[in-house]
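Architecture at a glance
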Amino acid sequence: MSGGNKDLVREMITIFINQVEEFTHDMENHLDKKEYEQLGKLAHKAKSSISIMGLDKLAKELKNLENLAKESKEPEKYPVILSFFKDETQIAIKELNDVLKNLDNYF
């Protein structure tokens, strides 16, 4: 996907990490305020970034959150999905930071 461009890989990883932090903050905020429609829209947006990084199981859960939250259905599931999001993205961020530190080894 990067065509061997280390700078592009570095930029994509940095953008992803920043987006995850923003998504986490905003999703928690929407959940706390019971702004479920906004939570669903943000889950949709986050799903795209997550999919690009190959986190397919998490993308599926975000799709589930998107569908449920847009209709305010089963709100008891939202914190569970958000917790899964935070756990999975923290693992991914740790791995991506390792990639950044050793980027020359990948090219």
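The structure this text deals with has already been given above.
A brief report on the enclosed structure follows.

Focus on the overall build of the protein chain
A count of helical and extended segments in the protein chain gives four helices and zero strands. Written out in order from the N terminus, the α and β elements of the protein chain read α-α-α-α. The C-alpha extent of the protein chain, read off along each of the three principal axes, is 45 × 20 × 20 Å. Expressed as a percentage of its 107 residues, the buried residues of the protein chain come to 36%. Counted over contacts in the protein chain with a minimum sequence separation of 6, partners at least 24 positions apart contribute 62%. Summing over all exposed atoms, the protein chain offers an accessible surface of approximately 6,700 Å²; the carbon and sulfur share of this is 49%.

Quick notes on the pattern of salt bridges
For the structure on display, the rule yields 10 salt bridges. Residue Lys77 is joined to Glu74 by a salt bridge in which the shortest nitrogen-to-oxygen separation is 2.5 Å. You can call Glu74 partly exposed: its relative accessible area is 34%. Within the structure, one salt-bridge network assembled from shared partners comprises Lys47, Lys63, Glu66 and Lys70.

Let's talk about the packing of helix α2 (residues 36-52) against helix α4 (residues 78-101)
Taken N-terminus to C-terminus, the directions of α2 and α4 make an angle of 30 degrees; their axes are 13 Å apart at the nearest point. Between α2 and α4, the interaxial angle falls into the category roughly parallel. For α2 against α4, the interelement crossing comes out left-handed. In this structure, α2 uses Tyr36, Leu39, Ala46 and Ile50 to contact α4, whose residues at the interface are Tyr78, Phe85 and Thr89. Residues belonging to the contact of α2 with α4 are distributed by class as follows: six nonpolar, one polar and no charged.

Quick notes on the environment of Glu22
Following the sequence through the fold, Glu22 ends up in helix α1 (residues 6-32). Through-space distance from the C-alpha of Glu22 to that of Leu58 is 17 Å; in sequence the pair is 36 residues apart.

Here's the deal with the nonpolar core
Of all hydrophobic cores here, the largest spans 30 residues; its most connected members are Met27, Leu39, Ile50, Leu62, Leu65, Tyr78 and Phe85. Listed by contribution, the elements that provide at least two residues to this core are α1, α2, α3 (56-70) and α4. The residues touching Ile50, leaving out its near neighbours within four places in the chain, are Phe16, Leu55, Leu58, Ala59, Leu62, Phe85 and Thr89.

Details of α4
A rise of 1.5 Å per residue sets the reference length of α4, with its 24 residues, at 34 Å; its end C-alpha atoms lie 34 Å apart and thus fit the reference within 8%. Residues of α4 that are buried in the fold lie against α1, α2 and α3.

Focus: the packing of α1 against α2
Two numbers describe how α1 lies on α2: the axes approach to 9 Å, and their chain directions differ by 165 degrees. Comparing their axes, α2 and α1 come out roughly antiparallel. Between α1 and α2 the crossing geometry is left-handed. Judged by residue contacts, Phe16, Gln19, Phe23, Asp26, Met27, His30 and Leu31 of α1 engage Tyr36, Gln38, Leu39, Leu42, Ala43, Lys45, Ala46, Ser49 and Ile50 from α2.

Reading guide: rules and limits
Residues numbered from 1 in each chain as written. Predicted model: local features only at pLDDT ≥ 70, side-chain atom pairs only at ≥ 80, totals over all residues. Heavy atoms only, no water. Helix = DSSP H or I, 4+ residues; strand = E, 2+ residues; numbered from the N terminus. Buried < 20%, exposed > 50% of the residue type's maximum accessible area, 1.4 Å probe, protein only. Contact = heavy atoms within 4.5 Å. Areas by Shrake-Rupley, 256 points an atom, 1.4 Å probe, with all protein chains shown as cover. Salt bridge = Lys/Arg side-chain N within 4 Å of Asp/Glu carboxyl O. Axes fitted to C-alpha atoms, helices over the stretch in contact; angles between N-to-C directions. Parallel < 35°, antiparallel > 145°, perpendicular 65-115°, else oblique. Left-handed = near helix turned anticlockwise from the far one by under 90°. Nonpolar A, V, L, I, M, F, W, Y, C, P; charged D, E, K, R; others polar. Core = buried A, V, L, I, M, F, W, Y, C linked by side-chain atoms within 4.5 Å. Expected span 1.5 Å × (residues − 1).

These values are about where atoms sit, not about what they do.
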